[in-house]
Amino acid sequence: MSYEILILKQYLLMQRHNQLLITIANILDEIIKETDTLEIEQDSISYFHASKAPSITLFNYLQRIAKYTHCSEQCFVIALIYLDKLQEKHPYLVLNSKCIHRFLLTSMVIAIKFQDDDYYKNEYYAKVGGVSVREIFVLEQAFLELMDYELFIDEHHYFIYEKKLLEYGEIEMP
């Protein structure tokens, strides 16, 4: 294979990866836009809620996670599936701008550990996500308990999500 073809293939993969991150960020941004207008009851506030929303955009946060974790593309799809499953299991749980970054980070860390062969220690993920080491441990434990430790995603379910994300991304492209 020639060097030019290899570079072109890498470029196309990077474009697809970037489009996936844009699509996931757009989906989550749409959810946040709606949920930030809701009044949240005090008992719905969890470990995941910050006192104020982080200043980093979801897309930039996803890019940061992608850049420093070197995880597979599948982890992003799985993390989104986890967030959907979480909301199915706990409809009272509102993902808003004060908690989405922590939920996203935690779902990504768990997806990476479940999906990829190589992963880092929680200290590293805490640094990448901008939370303390203690916090990443607490968030991971709370997330796993909310998910009832049910992390397996069957292949059919995964491919349906991936297909919908790709279709959504095509529609959103300017």
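Within each chain, residue numbers correspond to sequence positions counted from 1 in written order. Only residues with pLDDT of at least 70 are given local features in this predicted model, and only at 80 or more are side-chain atom pairs given and counted; all residues enter the totals for whole chains, interfaces and linings. Only heavy atoms go into the side-chain values, all of them from the structure, while hydrogens and water stay out.

## Remarks on helix H6 (residues 133-146)
The helix count covers DSSP runs of H or I at least four residues long, the strand count covers runs of E at least two residues long, and both are numbered beginning at the N terminus. In this analysis, the expected span of each helix is defined as 1.5 Å times one less than the number of residues it contains. For H6, built from 14 residues, the straight-helix expectation of 20 Å at 1.5 Å per residue is met to within 8% by its first-to-last C-alpha distance of 20 Å. For the exposure calls, accessible area comes from a 1.4 Å probe over protein chains only, and a residue counts as buried if that area is under 20% of its type's maximum, exposed if over 50%, partly exposed in between. Looking only at H6, the buried set comprises Ile136, Leu139, Glu140, Ala142, Phe143, Leu144 and Leu146. Against helix H3 (73-89), helix H4 (100-115) and helix H5 (122-129) lie the buried residues of H6. At the exit of H6 stands Asp148, carrying a positive phi of roughly 55°. Here, residues are in contact when the closest pair of their heavy atoms is within 4.5 Å.

## A closer look at the pattern of salt bridges
Here, a salt bridge means any Lys or Arg side-chain nitrogen found within 4 Å of an Asp or Glu carboxyl oxygen. All chains considered together, the criterion is met by five salt bridges. Across the salt bridge formed by Glu150 and Lys89, the nearest N and O atoms sit 2.9 Å from each other. Of this pair, Glu150 sits in the loop between H6 and helix H7 (155-172) while Lys89 is found in helix H3, placing the two residues 61 residues apart along the sequence. Given the relative accessible area of 42%, Glu150 is considered partly exposed. A residue is classified by how much of its surface remains accessible, and Lys89, at 31% relative accessible area, is partly exposed. Linking Glu140 and Lys113 is a salt bridge whose minimum nitrogen-to-oxygen distance equals 3.0 Å. Here Glu140, found in helix H6, pairs with Lys113, found in helix H4; they are 27 residues apart in sequence, far enough to count as distant. The network of salt bridges with shared partners includes Lys89, Asp148 and Glu150.

## Quick look at the environment of Lys98
Position of Lys98 among the secondary structure elements: in the loop between H3 and H4. Classification of Lys98 as partly exposed rests on a relative accessible area of 39%. Once the C-alpha coordinates of Lys98 and Ser51 are considered, the two residues, 47 residues apart in sequence, prove to be 6.9 Å apart. Non-local contacts of Lys98, meaning those with residues more than four positions away in its chain, are made with Phe48, His49, Ala50, Ser51, Lys52 and Ala53.

## Focus on the packing of aromatic side chains
Aromatic rings from Phe, Tyr and Trp, taking only the six-membered ring of Trp, are treated as a pair when their centres fall within 6.5 Å; an angle between ring planes under 30 degrees marks them as stacked, one over 60 as edge-to-face, and anything in between as tilted. Taken as a whole and judged by the stated rule, the model has seven aromatic pairs. When the ring of Tyr158 is compared with that of Phe159, the centres are 5.4 Å apart and the planes differ by 80°; the resulting orientation is edge-to-face. By relative accessible area, which is 10% here, Tyr158 ends up buried.

## With respect to H5
Along H5, the residues classified as buried are Asn122, Tyr125, Ala126, Val128 and Gly129. Looking straight down H5, one finds its buried side chains confined to an arc of 165°; they lie on one side. On its buried side, H5 packs onto helix H2 (58-69), H4 and H6. Note on H5: the residue one or two positions beyond its end, Gly130, has a positive phi of about 75°. This arc is taken over the directions from the axis of the helix to the C-beta atoms.

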